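# Inside the fold
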Amino acid sequence: MFAVVGAGFSGSVIARQLAEAGFKVTVFESRNHVAGNCFTERHETGVMKHVYGPHIFHTQHQEVWDFINRFGEMVPYVHKVKATVQGEIFTLPINLNTINKFFGLDLSEEEAQQFLASKIDSSISDPVTFVDQALRFVGPELYEAFFAGYTRKQWGVDPLDLPASILARLPVRYNDDESYFSHPYQGIPRNGYTPIVEAILEHVNISVLLGTEFDPQDVKKYDHTFWTGPLDAFFKYEFGNLGYRTLDFAEEVHDGDFQGCAVMNFPDEDIPITRITEHKHFAHWENHDQTVIYRESSRLCEEGDIPYYPIRLVKEMDVLEKYLKVAGEQTNVSFLGRLGTYRYLDMDVTIKEALELAAQVIKSANHGQSVKPF
Ligand code: UDP
């Protein structure tokens, strides 16, 4: 008997793969619903709401795309983001239009490339911090306008203390492609994420216990436990807290269309929110007279808050190392997912890693070995 802790994508996918291989799995979920922070539900206006903030499914991994499509229909969707800077609206990620509008120019693709090359610091070959990445990527003016304020609000720290990998999520384009993501597969589930996760968990070998906390001491009752909750929580914060950011959403209902796009970012530091999400634009095939928006802001995650983002401060890495060391020493527990591994993972990567871990577990179990593959 296996225990899976958490019914988000990581927990659900590993539970499904193990169940299909013939293992009995109990899934423990502390909330009263599945799907973790991907949870969606219909608002009273009829709009499909991304309850814990915007989730856009995008991947470059064929096996992940095939997997999710087994459990629900994904409708093609191309995510586009706008940013309001000093009252003007720009396209994000930074593309040719953003560069031209911001600098008041009318450059061609090639000229824009040369222009930005004169702004960036090409001596930074191995960026460590967010600022290194920004200066080598877009130069100081665009960094200040689009990234410095947003990042301080979103992460609550100086960008000098954040790793380069956070900004490396975003591309820069010299053409007028407005797609936020570069992956070949992008989509939004026709009926939201919740029925997809429910379908993943719908298997005769899986029992799901909602509203049920799992005490880490109970691992001894199971052949193996797959923990997708916060890494530090498993060890009762023995080495101190790992930092997470949590989000607050102020919901409003309006008539018609509020902002004409799904996500509007607000990088200016004097505006306290980071972005406004208008949920109905994700389900572009639906029509609703009213609209539901979230004004989103970020703050340090405290006891009782929902963790969203692992902060991974450069200077906190030694605490993380301690947790990773003891996690690696657990013979009957595996850690996975955004919280379980304390990494800023997207949905598709959590699915990919859960599929890979399941494959290794099944292989080890078939050879009569301990199921802990690493
Ligand atoms: N970012 C920014 N300005 C923006 C959008 C993003 O500075 O207008 C930075 C910010 O640090 C953010 C990171 O880029 O945390 C990653 O952005 P992404 O849109 O991938 O964040 P998510 O949707 O996962 O919150």
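What you are looking at is a predicted structure, and each value in this text was computed from that prediction instead of being measured.

### What about the packing of helix 3 (residues 96-103) against helix 6 (residues 140-155)?
- Closest axis-to-axis distance for the helix 3/helix 6 pair is 12 Å, and the angle between their directions is 100°. Judged on the interaxial angle alone, helix 6 and helix 3 are roughly perpendicular. Along the contact surface, helix 3 presents Thr-98, Phe-102 and Phe-103, while helix 6 presents Glu-141, Leu-142, Ala-145 and Phe-146.
- Of the residues belonging to the contact of helix 3 with helix 6, the class tally is 5 nonpolar, 1 polar and 1 charged.

### Structural notes on a negative patch on the surface
- Taken together, Asp-106, Glu-109, Glu-110, Glu-111 and Asp-176 make up a surface patch of like negative charges.
- As for its placement among the helices and strands, Asp-176 is situated in the loop between helix 6 and strand 9 (185-189).
- When its relative accessible area of 53% is taken as the criterion, Asp-176 is described as exposed.

### Thoughts on the pattern of salt bridges
- For the coordinates displayed, the defined rule picks out 20 salt bridges.
- Put simply, Arg-299 and Asp-248 hold a salt bridge, and the shortest N to O gap is 2.8 Å. Linking Arg-299 in strand 15 (residues 290-300) with Asp-248 in strand 12 (residues 244-255), this pair joins segments that are 51 residues apart in sequence.
- Since its relative accessible area comes to 31%, Arg-299 is described here as partly exposed.
- For Asp-248, a relative accessible area of 31% gives the class partly exposed.
- Of the charged contacts, one joins Lys-325 and Glu-329 as a salt bridge, the two residues approaching to 3.1 Å between their closest N and O atoms. Remark: Glu-329 and Lys-325 occur in helix 9 (residues 317-329); sequence separation between them is 4 residues, near one turn of the helix.
- Look at Lys-325 and you get exposed, because its relative accessible area is 58%.
- Its relative accessible area of 48% is what places Glu-329 among the partly exposed residues.
- When salt bridges with common partners are traced through the structure, they connect Arg-16, Glu-20 and Arg-70 into a single cluster.

### Overview of the site of the ligand
- The local shell around the ligand holds 16 residues, among which Thr-151, Arg-169, Tyr-180, Tyr-309 and Tyr-344 are the closest.
- The contact in question runs from an oxygen atom of the ligand to an N or O atom on the side chain of Thr-151, over 2.8 Å.
- Trp-155 places a polar side-chain atom, nitrogen or oxygen, 2.9 Å from an oxygen atom of the ligand.
- Tallying contributions element by element places helix 6 first for the shell around the ligand, with 6 residues.
- Among the residues forming the shell around the ligand, the class breakdown is 11 nonpolar, 3 polar and 2 charged.

Rules used in this analysis
- Residues numbered from 1 in each chain as written.
- Predicted model: local features only at pLDDT ≥ 70, side-chain atom pairs only at ≥ 80, totals over all residues.
- Heavy atoms only, no water.
- Axes fitted to C-alpha atoms, helices over the stretch in contact; angles between N-to-C directions.
- Helix = DSSP H or I, 4+ residues; strand = E, 2+ residues; numbered from the N terminus.
- Parallel < 35°, antiparallel > 145°, perpendicular 65-115°, else oblique.
- Contact = heavy atoms within 4.5 Å.
- Nonpolar A, V, L, I, M, F, W, Y, C, P; charged D, E, K, R; others polar.
- Patch = residues over 30% accessible without salt bridge, like charges linked within 9 Å, V, L, I, M, F, W, Y side chains within 5 Å.
- Areas by Shrake-Rupley, 256 points an atom, 1.4 Å probe, with all protein chains shown as cover.
- Salt bridge = Lys/Arg side-chain N within 4 Å of Asp/Glu carboxyl O.
- Lys, Arg positive; Asp, Glu negative; His and termini not counted.
- Charge placed at Lys NZ, Arg CZ, Asp CG, Glu CD.
- Buried < 20%, exposed > 50% of the residue type's maximum accessible area, 1.4 Å probe, protein only.
- Near = heavy atom within 4 Å.
- Polar contact = N/O pair within 3.5 Å; in protein donor to acceptor, adjacent residues only side chain to side chain.

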